[in-house]
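Understanding the architecture of this molecule
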Amino acid sequence: MSDVSLTVNGKRVSGSAEDRTLLVHFLREHLGLTGTHVGCDTSQCGACVVHVDGKAVKSCTMLAAQASGSTIVTIEGLADGAELHPVQAAFKEHHGLQCGFCTPGMIMTATDMIARHPEGLDEATVRVELEGNICRCTGYHNIVKAILAASETIAKGAKGKAKQAA
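As annotated in an unreviewed UniProt entry, the chain is (2Fe-2S)-binding protein from Mesorhizobium vachelliae.

1. A short note on the pairing of strand 3 (residues 49-52)
In strand 3, alternate side chains face the same way, and those of Val49 and His51 on one face and Val50 and Val52 on the other are all buried. Note that strand 3 and strand 4 (residues 55-58) share 4 bridges and pair antiparallel. The partner of Val52 across the bridge, within strand 4, is Lys55. Hairpin connection from strand 3 to strand 4: 2 residues lie between these consecutive antiparallel strands, with Asp53 at a positive phi of about 50°. One ladder, built from 2 bridges, connects strand 3 with strand 5 (residues 71-73); its direction is antiparallel. Counted as the bridge partner of His51 is Val73 from strand 5.

2. Notes on helix 1 (residues 23-30)
Taken together, the buried positions of helix 1 are Leu23, Val24, Phe26 and Leu27. Of the surrounding elements, those touching the buried residues of helix 1 are strand 1 (2-8), strand 2 (11-17), strand 3, helix 2 (64-67) and strand 5. Of the residues one or two after helix 1, Gly32 is the one with positive phi, at around 70°.

3. A closer look at the sheet that holds strand 2
The 5 strands are arranged 2-1-5-3-4 in an open sheet whose pairing can be described as mixed. The sheet is open, and its two borders are formed by strand 2 and strand 4, each paired with just one other strand. Mean inter-strand twist for the sheet, computed between neighbouring axes without regard to direction, equals 40°. Along the sheet, helix 1 contacts strand 1, strand 2, strand 3 and strand 5; its crossing angle with strand 2, the most-contacted strand, is approximately 105°. Relative to strand 3, helix 4 (residues 103-116) is tilted by about 40°, and along the sheet it contacts strand 3, strand 4 and strand 5.

4. With respect to the side chain of His94
By the secondary structure assignment, His94 is in the loop between helix 3 (86-93) and helix 4. Looking at His94, the relative accessible area reads 17%, which means it is buried. If we ignore the near neighbours within four places in the chain, the residues touching His94 are Asn142, Lys145, Ala146 and Ala149.

5. Here's the deal with the packing of helix 3 against helix 4
As a packed pair, helix 3 and helix 4 sit with axes 9 Å apart at the nearest point and diverge in direction by 125°. Of the possible angle classes, the one that applies to helix 3 and helix 4 is oblique. Judged by the twist between their axes, the crossing of helix 3 over helix 4 is right-handed. In contact with Val87, Gln88 and Phe91 of helix 3, helix 4 contributes Thr103, Met106, Ile107, Ala110, Thr111 and Ile114. Of the residues in the contact of helix 3 with helix 4, the class split is 6 nonpolar, 3 polar and no charged.

Definitions and cut-offs
Residues numbered from 1 in each chain as written. Predicted model: local features only at pLDDT ≥ 70, side-chain atom pairs only at ≥ 80, totals over all residues. Heavy atoms only, no water. Buried < 20%, exposed > 50% of the residue type's maximum accessible area, 1.4 Å probe, protein only. Helix = DSSP H or I, 4+ residues; strand = E, 2+ residues; numbered from the N terminus. Pairing = 2+ DSSP bridges. Contact = heavy atoms within 4.5 Å. Axes fitted to C-alpha atoms, helices over the stretch in contact; angles between N-to-C directions. Parallel < 35°, antiparallel > 145°, perpendicular 65-115°, else oblique. Left-handed = near helix turned anticlockwise from the far one by under 90°. Nonpolar A, V, L, I, M, F, W, Y, C, P; charged D, E, K, R; others polar.

So, in structure tokens, the structure goes:
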């Protein structure tokens, strides 16, 4: 057994887990954060993406014990109370989901993608960066549209804050 201590969505949490427990299972079964989905357990689908220390990680590829000491953000931690994160709002506005199973992983991947490309994104970049996320329902068109819209919204917000600071 391993003692696991994390900061998840801004809260310090700890618990014991078998050494072989994957981070995705620790989040779901020990912490009750079921927004992170288990789609394949083989790192193929991206339904389990969370942010570990600010970077998108497929939580089915990381042991809970490996994550100990890290800061984790799950889909449940993106919104600010009742106000959706801009990527969540864009997925809603642009119908970037169908059954919703892949949506948490898509949104977590998108927020990481946008953070790494603050200058903005183009369709080709979004499509390449989504290669590790599988959606079995859509043709990705509205997912890409939502990510591009969120990227634009976030970039405008950053420019507005920079002008206010100047």
